[in-house]
Amino acid sequence: MIDSWLEALCCELDLYREQFPRFETVYLGGGTPSLLSDQQLGSLMEYVRRSVSILDGAECTIEVNPDDVSREKAGLLRDLGFNRLSIGVQSFNDRLLSLLQRRHTALQACEAVAHAATAGFDSISLDLMFGLPGQDWEAELAQAVAFQPGHLSCYQLTIKPGTPFHALQQSGELEIASEETLVQLFMLTDSILDDAGYAHYEVSNFTRGIEYEACHNSRYWQHLPYLGLGPSAHSFDGHTRWWNTASLPEYCQSLAKGSPVVGRETLTAEQLRLERLMLGMRTQRGIAREDVSADAAVLERLESAGLVVVHDARVVPTARGMLFADRLPLVLE
Amino acid sequence: MHHIRNFSIIAHIDHGKSTLADRLIQSSGLVSDRDFHNQLLDSMDLEQERGITIKSQTIALPYTGSDGQEYVLNLIDTPGHVDFSYEVSRALASCEGVLLLVDAAQGVEAQTLANLYAAMEHDLTIIPVINKIDLPAADIERVKEEIDAELGLDSDEALLCSAKDGIGIEEVFEAVIERLPPPIGDVAAPLQALIFDANYDQFRGTVVSCRVFNGSLRAGDTIRFMSNQATYRVEEVGVFQPKLEKRQVLSAGEVGYIIAGIKTVSDTRVGDTITLDDNPAAKVVGDFKEPKSMVFSSVYPIAADDYPGLVDALEKYKLNDAALNYQKDSSAALGQGFRCGFLGLLHLEIVQERMEREHNQAIIMTAPSVQYKFILKDGSELTIENPQYYPDPMAIETAFEPYVRINIIIPERYMGAVMKLCTDRRGSNSRFNYPSPKRIEINFDMPLAEIIYDFYDRLKSITQGYGSFDYEYMDHRPGDLVKIEIMVNHEKVDALSFISHRENARPRALQYCERLKEEIPRQMFKIIIQGSIGGSVIARSTINPFRKDVTAKCYGGDISRKRKLLEKQKKGKDRMKMVGNVQIPQKAFVAILKSEKD
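Residues numbered from 1 in each chain as written. Chains lettered and ligands numbered in written order. Predicted model: local features only at pLDDT ≥ 70, side-chain atom pairs only at ≥ 80, totals over all residues. Heavy atoms only, no water.

## Some thoughts on the overall build of chain B
What counts, and what does not: Numbering of helices and strands runs from the N terminus, with a helix taken as a DSSP run of H or I at least four residues long and a strand as a DSSP run of E at least two residues long. Throughout this description, buried means an accessible area under 20% of the type-specific maximum (1.4 Å probe, protein chains only), exposed means over 50%, and partly exposed covers the range between. Residue contacts are counted whenever heavy atoms from the two residues lie within 4.5 Å of one another. For every accessible area listed, the method is Shrake-Rupley and the probe measures 1.4 Å; residues are considered covered only by the protein chains on display.
Scanning chain B for helices and strands turns up 13 helices and 33 strands. Across the 598 residues that make up chain B, the buried fraction comes to 58%. Pairs at least 24 apart in sequence give 69% of the contacts found in chain B among residues at least 6 apart. Per element, the accessible surface of chain B, about 24,700 Å² overall, is 48% carbon and sulfur.

Here's what the structure looks like:
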């Protein structure tokens, strides 16, 4: 299955050679690409480099699970040209890891970070989760900071309806933090990481300096074009967005005869504005004042409530404002 | 005249009235099967959805009897709700008989009985019909016993049919011919025609439905409405089949329509008698009552710049609804609008829904009120229908509120619960009747204001749908009234204020504050809702702000979905009214209707 997926992936890339000839970032993720064998990874990356041009100094990220990162694997990834590693640590607590049904242990997470550093990755990002039952978040965050990673993603535990966690939560077996506690944890994260020198540049993302910012993800937030390959992948050329079938078998079959694209939308100017607004309220870049139709009184009210700051003709959310990233667009719109 | 029969079908809700009507129309061959739209009589969408008849329609069915004679059977449809009881009575007055429909599985129910009484009041011949005999749960013997015991009719005369499957339809036709008396009247006498309905047709103007009792009428005649002496020249007469079918003449005994250059439905009055201008009748048919607005509410456009659209929509709507009254009104919170008078709450809801659906108007209706009267200390009198205009309490000598006599028929077992509901709602002067062994008829004098607060819903709920309910205006009586102001974040919202009896003021204000708390979505700041009398707060609720509203992850595949959600929320926002800095959804304004919860 993996081989036919890889084959399909290469076919799909071929479809876009002319439309997307050059790339400033490459991101291998969404799932567990570290599951690929060394050989599979190698031939995939070789195909990518042969087919399209990747700019010098481009950010090349791969997502990995801690238990897949051995010293050798880390070295191989370096050799394949990856220069940024995003490690799915989630937690430094074994009880919580098993609750989250992760295969790795806290020790493996620490080892993975060490291996990555030894292999020469100077751009490392750790994924962490807060709001877990009985979690000592402050301690976990301190442990993460101690590794001095360039980048941290701190996600609030989100339980989606239909998942096993949701069932556990409904039956009362899983007690997740209250809204109030989550707010406190969010603000605590902001202040601890600020003290440690990390900028809170997106709702869930922190960077120790501009050079460590996730260039790839920032393209999404800045509304720049991106090409997504694989099942469920979305792509955007600045005006039109399209997406692939979510089914892996369908994806593979469709590429044998044509295109896996199952949906497409060309955005109106107003839709583009709404997206800029929605994305802008999630990041430190904020949004251009001209994209906001709310009047000065509304802005003043939000400013005095400490939710946004207005400067240089931009409206920028504060950390507290980011807590309302889904709501502010409605108010500003 | 001997070959005419005029009749209605009456039934408890869902006992198959519309289905039987459809089947009769279909069997008469008037409408081709291809054109046949199920339940033709209930033609408005809203009626089909609610399964009730709002605007009645009438149809003249041609039928050849087993005696070989040609008959015209006029089926007169009746609206089925308490708000329209006068319209029902005028339709029944136009008949000689009724088919009383009873569900073969459900048996006799509250409304069967109430309908029977209505038919008896008009001295109509009653044919019991047991419908739905095809149902597995049908129990014809039991239903027959109920017809004997509870209705006091002869169950041997009951017809058996299944309107759905077309069983027993011929027998229904034959019984109508044989058992119902033909109309009697004098063609040579001065014209007397009773108006029992009127509809607006955009091409033909007002189409008046009437039953001719005496005399005759043809195009070219000048008619006179006996209630207001207005005269019109008749352009056309005819019958409903169901389309308008032109005729030379409408004579005594017949049912049909008149088109006479009448501009709006409001120029006609259901219950009025039409006569000829040059040879007027001495007497009217039956008793004529002006439609009386019982419930009042203000209507505002959600977006202030939609006001011209609202004016236009109301004018168009009014063409076809004589019972709706309106005049200009304004509110500090909601801007320019109209104060409307309705026959009752159902009427109000129908107007609201039809304004939205048929006239595409997004509107806000304020909490319904009744008409209050005051004698002020300076001796002057004041009548208000809008709590906004409540006089200075210091200036009031006596306040009066409208009272109605309510009539409830229920199975005995619900008596305790219904008595409690009625006394809780300030009912007094109770009287009881036992119309049949297991039924009880209860009368109370009750303030109308108590009825508009979800009384009927409560009654239905505690009697599991077995309660029939009717009311009639009596008079205005002194009452200890207060006006309750509602404040949202300390800002008075005039459109939410209401008048209550002092005794109930606090619980009702509390309920209202709680209901508003449920209806107004959480916002980014705290919202305080207060109810006050003359500046002193008597009830309060708080809507806590949400502390956060953010999704943890937003990457390439999430953007479209999130934007679509935003677009949807934006639409929802358009249906809210900003009051100060609080967004209040449309439905919050009538939240007071649903003041009590089970």
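Next, the rest of the story.
## Details of the overall build of chain A
Along its length, chain A carries 14 helices and 13 strands. When each of the 333 residues of chain A is scored for burial, the buried share is 54%. Total accessible area on chain A is roughly 14,800 Å²; 51% of this is exposed by carbon and sulfur atoms.

## Points about the interface of chain B and chain A
Condition: Buried area adds together the accessible area that both of two parts lose upon being put together, with accessible area traced by a 1.4 Å probe. One speaks of a salt bridge when a side-chain nitrogen belonging to Lys or Arg is within 4 Å of a carboxyl oxygen belonging to Asp or Glu. Polar contacts here mean pairs of N or O atoms no more than 3.5 Å apart (in protein, one a potential hydrogen donor and the other a potential acceptor; neighbouring residues in sequence count only if both atoms are side-chain atoms). Classification convention: Asp, Glu, Lys, Arg as charged; Ala, Val, Leu, Ile, Met, Phe, Trp, Tyr, Cys, Pro as nonpolar; all other residues, Gly among them, as polar.
Contact residues are listed per partner, giving 26 residues for chain B and 41 residues for chain A. Between chain B and chain A lies a buried interface of about 3,300 Å² when both sides are counted; carbon and sulfur atoms form 56% of it. Of all residues in chain B, M524, R547 and K548 of chain B bury the most surface against chain A, accounting for 21% of the area lost on that side. Taken together, the links from chain B to chain A amount to nine salt bridges. A salt bridge links D326 of chain A to K562 of chain B; its shortest N-O distance comes to 2.9 Å. Joining chain B to chain A, the criterion identifies 24 residue pairs in polar contact (both at pLDDT 80 or more). Tallied by class, residues from the side of chain B that touches chain A come to nine nonpolar, six polar and eleven charged.

## Observations regarding the pairing of strand β10 (residues 222-225) of chain B
All names here are of chain B. Here is the rule we go by: The rule for pairing is simple: two strands pair if DSSP sees at least two bridges between them.
Burial along β10 is one-sided: I223 and F225 are buried, while T222 and R224, pointing the other way, are not. Pairing of β10 with strand β11 (residues 231-233), which is carried by three bridges, proceeds in the antiparallel orientation. Across the sheet, residue I223 finds its bridge partner in β11, namely Y232. From the end of β10 to the start of β11, which pair antiparallel, there are five residues, and Q229 there has a positive phi angle of about 65 degrees. Inspection of the sheet shows β10 paired to strand β16 (residues 273-276) by three bridges, in the antiparallel sense. Residue pairing for β16: R224 is matched across the bridge by T275.

## Observations concerning the nonpolar core
In plain terms, the rule: Within this scheme, the nonpolar core is defined by two criteria: the residues are buried Ala, Val, Leu, Ile, Met, Phe, Trp, Tyr or Cys, and they are joined through side-chain atoms within 4.5 Å.
Counting 100 residues, the largest nonpolar core has F82, I87, L126, L128, L152, C154 and L332 of chain A as its most contacted members. Residues contacting L128 of chain A, with those up to four places away along its chain left out, are V89, Q90, S91, F92, W137, L141, A144, L152, S153, C154 and Y155 of chain A.

## A few points about the packing of helix α1 (residues 2-15) of chain A against helix α10 (residues 248-257) of chain A
Residue and element names in this part refer to chain A. To be explicit about the condition: Here the axes come from fitting lines to C-alpha atoms, over the contacting stretch only for helices, and the angles between their N-to-C directions go from 0 to 180 degrees. Orientation categories follow fixed angle ranges, with anything under 35 degrees roughly parallel, anything over 145 roughly antiparallel, 65 to 115 roughly perpendicular, and all other angles oblique. Rotating anticlockwise by less than a right angle from the far helix to the near helix defines a left-handed crossing, while the corresponding clockwise rotation defines a right-handed one.
Relative orientation of the contacting elements α1 and α10 amounts to 50 degrees, with a least axis distance of 9 Å. On the basis of their axis angle, the class for α1 and α10 is oblique. In the packing of α1 onto α10, the handedness of the crossing is left-handed. Along the contact surface, α1 presents S4, W5, A8, L9, C11, E12 and L15, while α10 presents L248, Y251, C252 and L255. Residues belonging to the contact of α1 with α10 are distributed by class as follows: nine nonpolar, one polar and one charged.

## Some words on helix α11 (residues 455-462) of chain B
The α-helix winds at 3.6 residues per turn, so residues separated by three or four positions along the chain end up facing the same way. Residues and elements named next belong to chain B. Heads up, the condition is: Comment: arc refers to directions from the helix axis out to C-beta atoms.
The complete set of buried residues in α11 reads F455, Y456, R458 and L459. All buried residues of α11 lie within an arc of 160 degrees about the axis, which places them on one face of the element. Along its buried surface, α11 packs onto α4 (110-121), β23 (396-411), α9 (415-424), β25 (439-447), α10 (448-452) and β26 (468-478). Q464 lies just past α11 and shows a positive phi near 50 degrees.

## A few points about the pattern of salt bridges
What the rule picks out here adds up to 49 salt bridges over all chains. The closest approach of N and O atoms between K316 of chain B and D312 of chain B, which form a salt bridge, is 3.1 Å. Of this pair, K316 of chain B and D312 of chain B both sit in helix α7 (residues 307-318), separated by four residues, roughly a single helical turn. Taking the shortest distance from any N to any O, the salt bridge between R426 of chain B and E401 of chain B comes out at 2.7 Å. Of this pair, R426 of chain B sits in the loop between α9 and β24 (428-433) while E401 of chain B sits in strand β23, and the two are 25 residues apart along the sequence. With respect to burial, R426 of chain B and E401 of chain B carry one shared label: buried. Shared partners join several salt bridges into a network, and the residues in it are R241, E265 and E275 of chain A together with R563, K564 and E567 of chain B.

## So, the environment of P447 of chain B
All names here are of chain B. Looking at the secondary structure, you find P447 in strand β25. Along the backbone, P447 and V404 are 43 residues apart, and their C-alpha atoms lie at a distance of 6.2 Å. Contacts of P447, omitting those with residues within four sequence positions, involve E401, P402, Y403, R425 and R426.

## A closer look at the environment of I223 of chain B
All names here are of chain B. Here I223 shows up in strand β10. Judged by its relative accessible area of 0%, I223 is buried. Taking C-alpha positions, I223 is 6.2 Å from R233, a pair spaced ten residues apart along the chain. Aside from chain neighbours lying at most four places away, what touches I223 is L191, L217, A230, T231, Y232, V234, I258, A260, I274, T275, L276 and D277.

## What to know about the sheet that holds strand β6 (residues 199-202) of chain A
Residue and element names in this part refer to chain A. What the seven strands build is an open sheet, ordered β1-β2-β3-β4-β5-β7-β6; its pairing is mixed. Where the open sheet ends on each side, the last strands, each with one partner, are β1 (22-28) and β6. With strand direction ignored, the average angle separating the axes of adjacent strands in the sheet is 20 degrees. Sheet topology places strand β4 (residues 123-130) next to strand β5 (residues 151-156); six bridges connect them, and they run parallel. The residue bridging M129 from the neighbouring strand is Y155, located in β5. Contacting β1 and β2 (53-64), helix α2 (residues 38-51) crosses the sheet at an angle of about 150 degrees to β2.

## Quick notes on a negative patch on the surface
Basically, it comes down to this: Distance thresholds for patches are 9 Å for like charges and 5 Å for nonpolar side chains (Val, Leu, Ile, Met, Phe, Trp, Tyr), applied to residues having over 30% relative accessible area and no salt bridge. His residues and chain termini do not enter the charge count, which takes Lys and Arg as positive and Asp and Glu as negative. Lys charges are placed at NZ, Arg charges at CZ, Asp charges at CG and Glu charges at CD.
Taken together, the side chains of E141, E145, D148, D154, D156 and E157 of chain B define an acidic patch exposed on the protein surface. Looking at the secondary structure, you find E141 of chain B in helix α5 (residues 140-149).

## Comments concerning the sheet that holds strand β8 (residues 234-236) of chain A
All names here are of chain A. Strand order in the open sheet made by the three strands is β8-β9-β10, with antiparallel pairing throughout. Of all strands in the sheet, those bounded by a partner on one side alone are β8 and β10 (261-266). Taking each pair of neighbouring strands and ignoring which way they run, the sheet shows an average axis angle of 15 degrees. In the sheet, β8 pairs with strand β9 (residues 240-244) via three bridges, with the strands oriented antiparallel. Among the inter-strand pairings, H234 is bridged to a residue of β9, identified as W243.

## What to know about the confidence of the model for chain B
To keep it simple, the criterion reads: Per residue, pLDDT captures the predictor's confidence, and it can take any value from 0 to 100.
Averaged over every residue, the pLDDT of chain B is 87; residues scoring 70 or more account for 94%. In the model output, the complex is listed with pTM 0.69 alongside ipTM 0.93.

## Digging into helix α12 (residues 296-304) of chain A
Residue and element names in this part refer to chain A. Here α12 has its buried residues at V298, L299 and L302. For α12, the angular spread of buried residues about the axis comes to 100 degrees, placing them on one side. Of the residues in α12, the exposed ones pointing more than 90 degrees away from the buried face are A297, E300 and S304. As for α12, its buried residues are in contact with β12 (308-311), β13 (314-317) and α14 (328-332). Phi for G306, located one or two positions after α12, is positive at around 75 degrees.

## Some thoughts on the environment of P79 of chain B
All names here are of chain B. Position of P79 relative to the elements: it lies in the loop between β3 (70-76) and α3 (85-93). Since its relative accessible area comes to 6%, P79 is described here as buried. In this structure the C-alpha to C-alpha distance between P79 and I10, which are 69 residues apart in sequence, comes to 9.8 Å.

## Here we look at the packing of helix α6 (residues 137-146) of chain A against helix α8 (residues 179-195) of chain A
All names here are of chain A. Where α6 contacts α8, the axes come no closer than 11 Å and their chain directions differ by 30 degrees. Considered as vectors, α6 and α8 are oriented roughly parallel to each other. Once α6 is placed against α8, the crossing between them reads as right-handed. Along its contact with α6, which presents W137, E138, L141 and V145, the element α8 presents L185, L188, T189, I192 and L193. By residue class, the composition of the contact of α6 with α8 is seven nonpolar, one polar and one charged.

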